[in-house]
Amino acid sequence: MRTLSKSSKLDHICYDIRGPVMEEANRMAEMGEEILKLNIGNPAPFGFRAPQPVLDAISGQLTETEGYSDSKGLPAARHAILHYEASKGIPNLDIRDIYTGNGVSELITLSMQALLNSGDEMLVPAPDYPLWTASVTLAGGTAVHYICDEQSNWYPDIEDMRRKITPKTKGIVVINPNNPTGALYPKELLEQIVQLAREHELILFADEIYDRLVMDGKTHTSIASLAPDLLCVTYNGLSKSHLIAGYRCGWMCVSGNKDGAKGYMEGLNLLSSMRLCSNVPAQSVIPTALANLNTTKELLVPGGRIYEQREYITRALNDIPGVTAVKPEAAFYIFPRLDRKKFGLVDDERFALDFLRKKHILITHGAGFHWETPDHFRVVYLPEIEVLKTACGRLAEFLRDYHQN
């Protein structure tokens, strides 16, 4: 069997970043064909705008944020992050253990590089945000995917997690709220994950970038708040909750039991220093943004745009013969399932390509999120309802006589 090089492995797992579907979409766009992009969680193209206080903050402070900051970030930004994360119950936080980044993506990669050696394993959900698998691989580790169960609201399967822990396992990645499913994990489930990590002395890595995009009156629980005795790394940012994806404004904080983590912390500090610092003007808006947490909440309640678009897309997808979808409780993604038998599905990438070419709509197929069965795809429901109606209508037409075998 051919052994994949690290580069080849990364090519294999970075479905949503590039690959045949994206390449075809780009080719079609270059030919002047209009493509409806439902493949990426970028609010700006769909009419969302940053809250005015954030815009005022960055414009008013632009001339004062020239030059590098401390490698971990501006003190004012890190103090605001400290206050925010502590307000969620995360224990044993220290300003020295808070890092700003050019988006959460940079920090995920940095934190995996500081930890993993060749042969180390990391439990990562399936489906996942694919950068996690890519970052583990890039650092020389192996991503071992535990199943999130569609029949149980896409919650992690604790027993599957337990079966996949080995002496090589270094940590557990928890994406909550989840991308791509939009699932929000209850406290009781998080406590089970914490207990599993406790039994095996594993680090918890909590991707919580969507924690302020929760609907239905529910609340988000930070898993680190349940694990004061464990080493936890929590990631968050402003890209989604404050609709400023292009600012590249994220952070991570290390909390809990840091005994025995000296080498890891030294690695984080070294890698943080090597990139000098994150975007300083973007850092400067963090205090203002975290003092204005309610600016987008009106979008998430009945009558609010994201809420109503969620309601519509869930109904519309489930009304299409051969399509079912679990209603998401957070973020702005939904992960529908296609009836494999009805459509003769053997290749979900082929499905995405066929749909793109025939109906000019770009979605991400399930394998892009490390879902092994070729029967899912992700829809970003950020467009207004009229646009979503068009998209669902085209999907229904496309599937009416679609069959791969």
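No experiment lies behind these values; they were computed from the predicted model shown.

A.B. asks: An account of the overall build of the protein is needed here, citing residue identities and associated values.
C.D. replies: Assigned secondary structure in the protein consists of 15 helices and 15 strands. On C-alpha atoms alone, the protein measures out to a radius of gyration of 21 Å, which is about the 22 Å that the 2.2 N^0.38 rule sets for 405 residues. When its C-alpha atoms are laid out on the principal axes, the protein stretches across 60 × 55 × 40 Å. A total of 405 residues make up the protein; the buried ones form 58% of that total. A sequence separation of at least 24 residues applies to 76% of the contacts in the protein between residues at least 6 apart.

A.B. asks: Now, about the sheet that holds strand β4 (residues 142-149): what can you tell me, with residues and values included?
C.D. replies: The mixed open sheet is built from 8 strands, whose spatial order is β2-β9-β8-β7-β6-β3-β4-β5. A strand with exactly one partner marks an edge of an open sheet, and here the two such strands are β2 (98-101) and β5 (155-156). Most of the contacts of helix α9 (residues 262-274) go to β2, to which it runs at about 35°, and overall it touches β2, β7 (203-207), β8 (231-237) and β9 (250-256).

A.B. asks: I'd like a rundown of the layout of surface pockets, residues and numbers included.
C.D. replies: Taken as a whole, the largest pocket encloses approximately 620 Å³ of empty space. Residue lining of the largest pocket: 31 residues in total, with I40, S105, Y129, K240 and R248 positioned closest to the centre. Elements supplying a minimum of two residues to the lining of the largest pocket: α5 (103-115) and β8. With 4 residues, α5 is the single largest residue contributor to the lining of the largest pocket. Here the residues of the lining of the largest pocket are counted per class, giving 16 nonpolar, 10 polar and 5 charged.

A.B. asks: How would you sum up the environment of T373? Please name residues and give values.
C.D. replies: Relative to the elements of secondary structure, T373 occurs in the loop between β14 (364-365) and β15 (377-380). Given the relative accessible area of 29%, T373 is considered partly exposed. Measuring from C-alpha to C-alpha, the distance between T373 and L353 comes to 17 Å, with 20 residues separating the pair along the chain.

A.B. asks: Go over the side chain of S284 with me, naming the residues and quoting the values.
C.D. replies: Counting through the fold element by element, S284 comes out in the loop between α10 (280-283) and α11 (286-290). Judged by its relative accessible area of 8%, S284 falls in the buried class. Filtering out sequence-adjacent residues up to four positions away, S284 remains in contact with Q61, T65 and L74.

Cut-offs and rules
Residues numbered from 1 in each chain as written. Predicted model: local features only at pLDDT ≥ 70, side-chain atom pairs only at ≥ 80, totals over all residues. Heavy atoms only, no water. Helix = DSSP H or I, 4+ residues; strand = E, 2+ residues; numbered from the N terminus. Rg over C-alpha atoms; globule rule 2.2 N^0.38 Å. Buried < 20%, exposed > 50% of the residue type's maximum accessible area, 1.4 Å probe, protein only. Contact = heavy atoms within 4.5 Å. Pairing = 2+ DSSP bridges. Axes fitted to C-alpha atoms, helices over the stretch in contact; angles between N-to-C directions. 1 Å grid on protein atoms, 1.4 Å probe; cavity = no way out; pocket = protein on both sides within 12 Å on 5 of 7 lines; lining within 4 Å. Points joined across faces, edges and corners; volume = space filled by probe spheres on them. Nonpolar A, V, L, I, M, F, W, Y, C, P; charged D, E, K, R; others polar.

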